[in-house]
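Reading the structure
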Amino acid sequence: MTGASPYRLVGARPEPEFEVRVDGRPVPVVPGQTVGAALHAAGVRTWRTTRFGGRRRGLFCGIGVCFDCLVTVNGVENLRACLTEARPGDEVTTS
Amino acid sequence: MTADAATYDLVVVGAGPAGLAAAGVAARAGLRVAVLDSGARVGGQYFRALPDGFRAARPWALHHGFSRFVRLRDGLDGADVLLNHRVWAAGPAPGGGFAVHCLAGREERAGTVTGARLLIATGAHDRVLPFPGWDLPGVMTAGGAQALLKGNLVVAGRRVVVAGTGPFLLPVATSLAAAGAKVAGVFEAGGRFALAPRALTRPGKAAEALAYGWGLARHRVPYKGGRAVVAAHGDGELTHVTVARVDAEWRPYRGGHETVECDVLAVGYGFTPQLDLAAQLGCAIGADAAGGPAVRVDRHMRTGVPGVYAAGETTGVGGADLAELEGLIAGRAVVADALGVPAGTGVGARPEPGTGFGPGIRSEARVGARLEARRRRLTGFARALLRAYPVKDGWTSWLRDDTLICRCEEVPYGRVKEARDLGAADARSIKLLARPGMGWCQGRICGEAVARLAGEEPGPPRRPVAQPVRLGDLAAMDERTSDDDS
Ligand SMILES: Cc1cc2nc3c(=O)[nH]c(=O)nc-3n(C[C@H](O)[C@H](O)[C@H](O)COP(=O)(O)OP(=O)(O)OC[C@H]3O[C@@H](n4cnc5c(N)ncnc54)[C@H](O)[C@@H]3O)c2cc1C
Ligand code: FES
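Reading the values: the criteria
- Here the residue numbering is sequential within each chain, running from 1 through the sequence in written order.
- Lettering for chains starts from A, numbering for ligands starts from 1, and both go in the order in which the items are written.
- Reporting in this predicted model follows two pLDDT cut-offs: at least 70 for local features of residues, and 80 or more for side-chain atom pairs to be given and counted; totals over whole chains, interfaces and linings ignore these cut-offs and use all residues.
- Excluded from the side-chain calculations are hydrogens and water; all other atoms, namely the structure's heavy atoms, are used.
- Numbering of helices and strands runs from the N terminus; a helix is a DSSP stretch of H or I covering at least four residues, while a strand is a stretch of E covering at least two.
- Only protein chains enter the accessibility calculation, which uses a 1.4 Å probe. A residue is then buried if its area is under 20% of the maximum for its type, exposed if over 50%, and partly exposed in between.
- In this description, contact between two residues means that some pair of their heavy atoms is separated by no more than 4.5 Å.
- Working definition: residue near molecule or strand if any one of its non-hydrogen atoms lies within 4 Å of it.
- Residues adjacent in sequence count toward polar contacts only when both atoms are side-chain atoms; beyond that, a polar contact is any pair of N or O atoms within 3.5 Å, and within protein one must be able to donate a hydrogen and the other to accept it.
- Using a 1.4 Å probe, the Shrake-Rupley method yields the accessible areas, and only the shown protein chains count as cover for residues.
- Two strands are counted as paired when DSSP detects at least two bridges linking them.
- What counts as an axis is a line fitted to C-alpha atoms, over the stretch in contact for a helix, and the angles between N-to-C directions run from 0 to 180 degrees.
- By definition, turning the near helix anticlockwise from the far helix through less than a right angle yields a left-handed crossing, and turning it clockwise yields a right-handed one.
- Each residue is assigned to one of three groups, with Ala, Val, Leu, Ile, Met, Phe, Trp, Tyr, Cys and Pro labelled nonpolar, Asp, Glu, Lys and Arg labelled charged, and all others, Gly among them, labelled polar.
- Take a side-chain nitrogen of Lys or Arg and a carboxyl oxygen of Asp or Glu: if they are within 4 Å of each other, that pair is a salt bridge.
- A quick way to say it: buried area is the sum, across both parts, of accessible area lost when two parts are put together, with a 1.4 Å probe.
- We define the nonpolar core as a collection of buried residues of types Ala, Val, Leu, Ile, Met, Phe, Trp, Tyr and Cys that are connected through side-chain atoms lying within 4.5 Å of one another.
- For every residue, the pLDDT score states the predictor's confidence, bounded by 0 at the bottom and 100 at the top.

Here the focus is the overall build of chain B. The helix and strand tally for chain B stands at 13 helices and 21 strands. Taking all 486 residues of chain B together, the buried fraction comes to 60%. Taking all contacts inside chain B whose residues are at least 6 apart in sequence as the whole, residues at least 24 apart take part in 64%.

Shown next as structure tokens:
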């Protein structure tokens, strides 16, 4: 890392973060971020394993095309984490 | 805003530069316009905007030409903008015009928007090629890394390798570096200087390329041509990649390998247009300059289906400037067709803002002709780029038998080869035998690779739905918009 940061680059003064819980563990979110972005930013790179090979998956295409990033939010299965905007109090479960 | 029971003069699917430009022209001419996008904000891929929650003082720092975006966004003039609306099917409406079926919000409320005319401006997605380890977490598409940054202010990784082919690798690497990532290298599988002579034929582009070059130099990012990432490694997550020196056909030279540590690989081999809706509607699909599929349009951006228009990457990959210009032309054609006058004339004597034409030009026909001439120039440049950065067959030599071709159904290369040995001679037969492309993504990610492994040019998509949809919503429809079975 250099001294540069994306926040400095765009002069961000973000609103207060809120939390979502990922398998019970709190993850901070800047209002407007997607579940996938918040997880990735928190260092969680993988939140699903595949049916056959048990391979770990996280973000791949980032825009809703590949379906690698599927996640369960508040009991709703198979949401694309990269498209789903996080809301305060969301319970995210991984599989 | 509810999407139900609205009838519009024009429904635009896609709020990228193409869709926004068209919607603005039509709305300012007095047409009733709806713009639908699956995203939470307008802008599309190029002008992907940050959420307001960041309160960014300099939102333009991540975009070339941000003022153009502001003009597009603020020029929508009364058009209904329906965000978080995923369009999964479109077809003729019973009473005439088109019915556009969508799912709204996280709850996926089903709804239908109808319009007399329809513009398909759904853009493109990254084109990727399989290689050993490409499904390890930490391997992402180049566009995906860009989307994380532009739309969420998240830097994809601490130490990032950017690889693939095409001019898009440069802005990805420079913005990652500017945002604080250590970019360990940009590896272009094609020749390093493929771009330079072409870029000089378009002054604006030469300046942009120089700016990227300067950006890479400033952050000490090595840029190497004739290099490809041929394998990704890590125990559960990416830790390093193998970079090979490759020949003109992209076959690795023996011994020309190096290992580069990284926690993220951003990889892209160009873009593939999103053509599901166009294919569903029966629009003719032809080949772009590099043999890839693209909607066929006339010089006014009309597809072969009366009332359906296409603009932007759907008509061939050409970047944001061309997309915006095509949207402008399409919007003018929609207005002219709605008014019953020849396209290219009669949109009203006012030159469109952002076209570069001064108020001195009074003749609509001349404005139309100049827009078309500009489109020919930009299309020529886009074609030259596509030809300068082709995908070469040598990528298949990177595959091992256990390399997944289809990430969804977890189909390894070995099984695709078996299917070929059993006599599957084309992509469709390979798909039926080995099942690549039959999973969640419906072949969007592996379709290109499977077609190439079958020795075919990637063809138009054959998908009954453009987005996954619950069976109940399907059953609720009066008629299926497609009888395709693949
Ligand atoms: C992930 C990604 C990142 C990119 N980043 C850059 C970049 O940083 N710089 C650059 O020069 N080029 C970038 N590009 C290239 C980009 O294709 C063009 O620059 C430009 O954005 C194309 O404009 P467009 O209007 O044709 O389509 P887009 O800008 O792609 O807009 C299409 C819109 O349609 C929407 N859409 C698609 N299908 C549906 C559907 N079924 N229902 C509802 N909405 C739908 C999408 O959400 C999107 O907002 C990127 C491409 C991708 C795929
Ligand atoms: S990362 Fe591809 S669909 Fe979410």
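A count of helical and extended segments in chain A gives two helices and seven strands. Reading chain A from its N terminus to its C terminus gives the helix and strand order α-β-β-α-β-β-β-β-β. With respect to the principal axes defined by its C-alpha atoms, chain A has extents near 45 × 30 × 20 Å. Taken across its 95 residues, chain A has 54% of its residues classed as buried.

Moving on, we get to the site of ligand 1. In the region of ligand 1, 30 residues are neighbours, and B:Asp37, B:Gln45, B:Gln146, B:Lys150 and B:Glu313 sit closest. In this structure, ligand 1 is bordered by residues of chains A and B. One nitrogen or oxygen atom from the main chain of B:Ala18 is found 3.0 Å from an oxygen atom belonging to ligand 1. B:Val87 places a main-chain nitrogen or oxygen 2.9 Å from a nitrogen atom of ligand 1. Coverage of ligand 1 by the protein amounts to 93% of the 970 Å² it exposes when considered alone.

Time to look at the sheet that holds strand E2 (residues 25-29) of chain A. Residue and element names in this part refer to chain A. Reading across from one edge, E2-E1-E7-E5-E6 is the order of the five strands in this open sheet, with mixed pairing throughout. The open sheet has two edge strands, E2 and strand E6 (76-80), and neither has a second partner. Here the strands of the sheet are splayed against their neighbours by 40 degrees on average, with no regard to which way each runs. Sheet topology places strand E5 (residues 70-73) next to strand E7 (residues 91-93); two bridges connect them, and they run antiparallel. Paired with Val73 across the two strands is Val92, which belongs to E7.

In this section: the packing of helix H8 (residues 320-339) of chain B against helix H9 (residues 364-388) of chain B. Residues and elements named next belong to chain B. Closest axis-to-axis distance for the H8/H9 pair is 10 Å, and the angle between their directions is 150 degrees. Crossing of H8 over H9 shows left-handed handedness. Across from Asp321, Leu322, Leu325, Glu326, Leu328, Ile329 and Arg332 in H8, the residues of H9 making contact are Glu364, Val367, Gly368, Leu371, Glu372, Arg374, Arg375, Leu378, Thr379 and Ala382. Considering only residue class, the contact of H8 with H9 consists of eight nonpolar, two polar and seven charged.

What follows deals with the packing of helix H3 (residues 142-152) of chain B against helix H4 (residues 169-178) of chain B. All names here are of chain B. At a closest axis distance of 10 Å, the pairing of H3 and H4 adopts a crossing angle of 40 degrees. Crossing of H3 against H4: the hand is left-handed. Residue-level contacts link Ala142, Gln146 and Leu149 of H3 to Pro171, Val172, Ser175 and Leu176 of H4. Considering only residue class, the contact of H3 with H4 consists of five nonpolar, two polar and no charged.

Among the 10 residues of H4(B), nine are classified as buried, and the element is accordingly described as predominantly covered. Backbone geometry just downstream of H4(B) places B:Gly180 in the positive-phi region, at approximately 110 degrees.

Residues and elements named next belong to chain B. Along strand E12 (residues 227-233), five of the seven residues are buried, which leaves the element largely enclosed by surrounding structure. Note that E12 and strand E13 (residues 240-246) share six bridges and pair antiparallel. Among the inter-strand pairings, Val229 is bridged to a residue of E13, identified as Val243. Between the antiparallel neighbours E12 and E13 lie six residues, among them Gly234 with a positive phi of about 160 degrees.

This part covers the pattern of salt bridges. When charged atoms on two side chains of opposite charge get close, those side chains can pair. Scanning all chains against the criterion turns up 26 salt bridges over all chains. Taking the shortest distance from any N to any O, the salt bridge between A:Arg45 and B:Asp263 comes out at 3.5 Å. Here A:Arg45 is found in the loop between helix H2 (35-41) and strand E3 (48-49), whereas its partner B:Asp263 is found in the loop between strand E14 (252-261) and strand E15 (264-268) on a different chain. What makes A:Arg45 buried here is its relative accessible area of 11%. One salt bridge in this structure joins B:Asp74 and B:Arg73, with 3.1 Å as the shortest N-O distance. We classify B:Arg73 as partly exposed; its relative accessible area is 37%.

Put simply, an interface is often sized by how much accessible area is lost when its parts join up. Each side of the interface is counted separately: chain B has 60 residues, and chain A has 53 residues. For the pair chain B and chain A, the summed buried surface comes to about 4700 Å²; carbon and sulfur atoms form 55% of the total. Joining chain B to chain A, the criterion identifies eight salt bridges. Our count for the contact surface shared by chain B and chain A stands at 28 residue pairs in polar contact (both at pLDDT 80 or more). Within the residue set of the side of chain B that touches chain A, elements represented by two or more residues are strand E7 (124-126), strand E8 (139-141) and H3 of chain B. With six residues, the top contributor of residues to the side of chain B that touches chain A is H3(B). Across the side of chain B that touches chain A, the residue classes break down as 31 nonpolar, 12 polar and 17 charged.

Below, the discussion takes up the nonpolar core. Counting residues in hydrophobic clusters, the biggest one holds 57 residues, and the most contacted among them are B:Val241 and B:Leu265. Setting aside residues no more than four positions away along its own chain, B:Leu265 makes contact with B:Phe131, B:Gly138, B:Val139, B:Met140, B:Val161, B:Ala163, B:Val229, B:Leu238 and B:Val241.

Residues and elements named next belong to chain B. Within helix H10 (residues 413-421), the full set of buried residues consists of Tyr413, Gly414, Val416 and Ala419. Of the surrounding secondary structure, the elements contacted by the buried residues of H10 are strand E20 (404-406), strand E21 (411-412), helix H11 (427-434) and helix H12 (447-453). Downstream of H10 by a residue or two, Gly423 has a phi angle that is positive, lying close to 105 degrees.

Another aspect to go through is the side chain of B:Glu448. All names here are of chain B. Tracing the chain through its elements places Glu448 in helix H12. We classify Glu448 as buried; its relative accessible area is 8%. Sequence-distant contacts of Glu448, defined by excluding residues within four places in its chain, comprise Arg127, Thr272 and Pro458.

So, about the confidence of the model for chain A. When pLDDT is averaged along chain A, the result is 93; 97% of the residues meet or exceed 70. Confidence, read as mean pLDDT per element, is least for E6(A) in chain A (91) and greatest for H2(A) (97).

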